[in-house]
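Given next are the chains, with one letter for each unit.
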Amino acid sequence: MKENSNNQIINDNKSAWGAIWAMSLCAMVLVASEFMPVSLLTPIATDLQITEGTAGQSISISGVFALITSLFLTQIIGNKDRRHVLLFFTALTGISGVLVAFAPDSTMLMIGRALLGMCIGGFWSMSAATVMRIVSASSVPKALAILNGGTALSTTVAAPMGSFLGGIIGWRGAFFMIVPLAFIAFIWQYKSIPKLPKENSNEQKEKFGSVFGLLKNWKVALGMISVMLFFMGQSALFTYLRPFLEMVTKVNVEILSLVLLSMGIFGLIGTFIIEIMLKKRLYSLIIIIPFLMAITAVLMLSFGTSLAAIFVLISIWGFLTTSAPVAWWTWLSRTLPTRAEAGGGLMVAIIQLAITLGAAFGGVFFDTAGYQSTFMFSALILGIATIMACITGFHVYRINKNKN
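First, a word on scope: everything that follows refers to the structure included in this document. One numbering rule holds for all chains: residues counted from 1, following each sequence as written. Totals for whole chains, interfaces and linings use all residues, but because this is a predicted model, local features are given only for residues with pLDDT of at least 70 and pairs of side-chain atoms are given and counted only at 80 or more. By convention in this description, side-chain values take in all heavy atoms of the structure and omit both hydrogens and water.

1. Describing the overall build of the chain
Piece 1. For the chain, the count of helices and strands is 14 helices and 2 strands.
Piece 2. Each residue is assigned to one of three classes by its accessible area relative to the maximum for its type, calculated with a 1.4 Å probe on protein chains only: buried under 20%, partly exposed between the two thresholds, exposed over 50%. Counting across all 404 residues of the chain, residues that qualify as buried make up 59%. Secondary structure counts use DSSP, requiring at least four H or I residues in a row for a helix and at least two E residues in a row for a strand, with both numbered from the N terminus.

Shown next as structure tokens:
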């Protein structure tokens with residue numbers, strides 16, 4: 001049992017976990033919406049008469065608005081019950097899905113994606129802090145794994161289903177499928193998430209500037225740079241995966257769906273395997289994951305024409321890329337246990353900036369120099385992310401050694 005700041009008792013074995021699973025569904029809907037263009041990039045570009053690189057910027061625009069929202073959210077919501085804020089963003093997710101599905105041109109597409117970005121920034125900024133308030137400290141890694149399992153599940157379902165449905169009912173119909181899922185997530189969260197009033201803590205009194213003030217702590221600054229590089233490298237490749245598979249591997253819609261399904265299934269497996277390893281191997285994991293992803297990106301270029309090799313490599317990519325967020329959110333909960341909301345806002349801003357830059361630069365390279373340059377750019381950034389993660393881990397090791 002646990003008591004929150006409103007003196008409401010939460011059952012850590014039942015009520016709290018219902019809320020965690022409801023948030024996981026919401027995470028699935030958000031991430032599915034965010035990266036839906038990846039599996040539908042070609043038909044979106046064709047229908048709206050824009051280039052695939054331009055269509056990829058629909059991911060960039062959502063990243064920009066997610067970044068802005070995450071930085072200013074704590075100031076905007078003030079004393080509001082965090083439960084109401086989570087429900088508002090869930091409802092807005094459904095509205096953005098409607099706007100995108102019926103977009104007559106690229107302008108309306110970008111407006112719908114901008115609203116989605118606000119939802120992403122708002123939800124993820126509060127996710128870690130919310131988890132830490134409704135489950136016991138020892139259960140936080142498990143709860144974060146379940147929450148990020150929604151991300152993996154969205155990859156499992158959204159990418160192949162988006163590709164499959166896009167071939168049957170068009171990309172607009174595929175996007176509209178998000179709307180009923182958002183409605184279900186809203187109802188479930190409404191029923192399960194307890195009241196989460198403003199906490200009487202120093203964190204809640206912080207202003208906008210103090211979010212960046214967290215970077216004065218070297219451990220936080222180094223970790224955030226590592227996070228940014230990882231997600232930038234990941235986004236640069238992932239955003240343009242479908243055009244690569246169609247152009248190089250020569251897959252049709254059915255095979256594309258199977259490839260993406262394989263990536264999602266292994267991502268889901270990886271999410272729950274890493275939760276077991278995080279107790280003692282946190283820094284080892286945040287170092288090895290980007291290193292292995294960089295190697296995988298290079299191997300995709302070398303064996304891109306082999307369907308069997310691509311199945312294996314993309315499955316590995318899925319296993320790694322959906323495991324990493326669990327590790328980094330666990331790192332945040334351990335690094336800033338008393339400032340989780342401010343830290344969550346900063347980390348979401350960093351991640352969304354990274355996704356925006358990765359998709360933007362990846363699109364420029366893809367349109368001007370071909371897919372090879374995009375994949376090599378991704379591998380390079382992931383390699384640098386590995387180095388920064390090593391520096392972060394070594395810094396923490398020195399701090400702990402000096403304490404002892």
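2. Points about the packing of helix H10 (residues 253-302) against helix H12 (residues 324-335)
Piece 1. The angle between two axes is taken between their N-to-C directions and runs from 0 to 180 degrees, where each axis is a line fitted to C-alpha atoms and a helix contributes only its stretch in contact. Axis separation between H10 and H12 bottoms out at 8 Å; the angle between their running directions is 80 degrees. When the interaxial angle is binned, H10 and H12 end up roughly perpendicular. In this structure, H10 uses Thr271, Ile274, Leu278, Lys279, Leu282, Tyr283, Ile286 and Ile289 to contact H12, whose residues at the interface are Ala324, Val326, Ala327, Trp328, Thr330, Trp331 and Arg334.
Piece 2. Classification used: nonpolar for Ala, Val, Leu, Ile, Met, Phe, Trp, Tyr, Cys and Pro, charged for Asp, Glu, Lys and Arg, polar for all others including Gly. The residue makeup of the contact of H10 with H12, split by class, is 11 nonpolar, 2 polar and 2 charged. By definition in this entry, angles of less than 35 degrees are roughly parallel, angles greater than 145 are roughly antiparallel, angles of 65 to 115 are roughly perpendicular, and the rest are oblique. Residues count as neighbours in contact if any of their non-hydrogen atoms are within 4.5 Å of one another.

3. Describing the side chain of Thr90
Piece 1. Note that Thr90 resides in helix H3 (residues 82-101).
Piece 2. At 2.8 Å, the side chain of Thr90 and the backbone oxygen of Leu86 are in polar contact.
Piece 3. Apart from the residues lying within four places of it in its own chain, the contact partners of Thr90 are Cys26, Ala182, Ala185, Phe186 and Gln189. Pairs of N or O atoms within 3.5 Å make up the polar contacts considered here, provided that, within protein, one atom can donate a hydrogen while the other can accept it, and that residues adjacent in sequence are counted only when both atoms are side-chain atoms.

4. Some thoughts on a nonpolar patch on the surface
Piece 1. Patch building starts from residues that exceed 30% relative accessible area and form no salt bridge, then joins like charges within 9 Å and nonpolar side chains (Val, Leu, Ile, Met, Phe, Trp, Tyr) within 5 Å. Accessible surface area values rest on a Shrake-Rupley calculation with a 1.4 Å probe, where residue burial reflects the displayed protein chains alone. A pairing counts as a salt bridge when a side-chain nitrogen of Lys or Arg comes within 4 Å of a carboxyl oxygen of Asp or Glu. A cluster of nonpolar side chains, namely Ile265, Phe266, Ile269, Ile273, Ile276 and Met277, defines an oily patch on the protein surface of about 510 Å² accessible area.
Piece 2. If you trace the backbone, Ile265 turns up in helix H10.

5. Some details on the pattern of salt bridges
A side chain with one charge can pair with a side chain of the opposite charge if their charged atoms come near.
Piece 1. Summed over the entire model, instances satisfying the criterion amount to 2 salt bridges.
Piece 2. A salt bridge links Glu246 to Arg242, with the nearest nitrogen and oxygen atoms 2.8 Å apart. Remark: Arg242 and Glu246 occur in helix H9 (residues 241-249); sequence separation between them is 4 residues, near one turn of the helix.
Piece 3. Judged by its relative accessible area of 23%, Glu246 falls in the partly exposed class.

6. Looking at the packing of aromatic side chains
Piece 1. Aromatic rings from Phe, Tyr and Trp, taking only the six-membered ring of Trp, are treated as a pair when their centres fall within 6.5 Å; an angle between ring planes under 30 degrees marks them as stacked, one over 60 as edge-to-face, and anything in between as tilted. Under the definition given, this model contains 14 aromatic pairs.
Piece 2. Seen in terms of ring centroids, Trp171 and Phe175 are 5.8 Å apart; in terms of plane orientation they differ by 90 degrees. Their pairing is edge-to-face. With Trp171 and Phe175 both in helix H5 (residues 140-176) and 4 residues apart, this pair spans about one turn of that helix.
Piece 3. Accessibility expressed as a relative area gives 4% for Trp171, which makes it buried.
Piece 4. Judged by its relative accessible area of 4%, Phe175 is buried.
Piece 5. Ring centres of Phe361 and Phe377 lie 6.0 Å apart, and the angle between their planes is 45 degrees; on these two criteria the pair is classed as tilted. In this pair, Phe361 sits in helix H13 (residues 340-369) while Phe377 sits in helix H14 (residues 371-403), placing the two residues 16 residues apart along the sequence.
Piece 6. Residue Phe377 is classed as buried on the basis of its relative accessible area, which comes to 14%.
Piece 7. Through pairs of rings, three or more aromatic residues link up here, namely Phe123, Trp124 and Trp329.
Piece 8. In this scheme, Lys NZ or Arg CZ marks a charge over a ring once it lies within 6 Å of the ring centre and within 35 degrees of the ring normal. Here the basic side chain of Arg83 rests over the ring of Tyr190, its NZ or CZ set 5.0 Å away from the ring centre.

7. Details of the environment of Gly304
Piece 1. The residue Gly304 is located in the loop between H10 and helix H11 (307-321) in this model.
Piece 2. Put simply, Gly304 and Phe244 are 60 residues apart on the chain and 8.3 Å apart in space, counted from C-alpha to C-alpha.
Piece 3. Ignoring anything within four residues of it in the chain, the contact list for Gly304 reads Phe244, Val248, Thr249 and Ile310.

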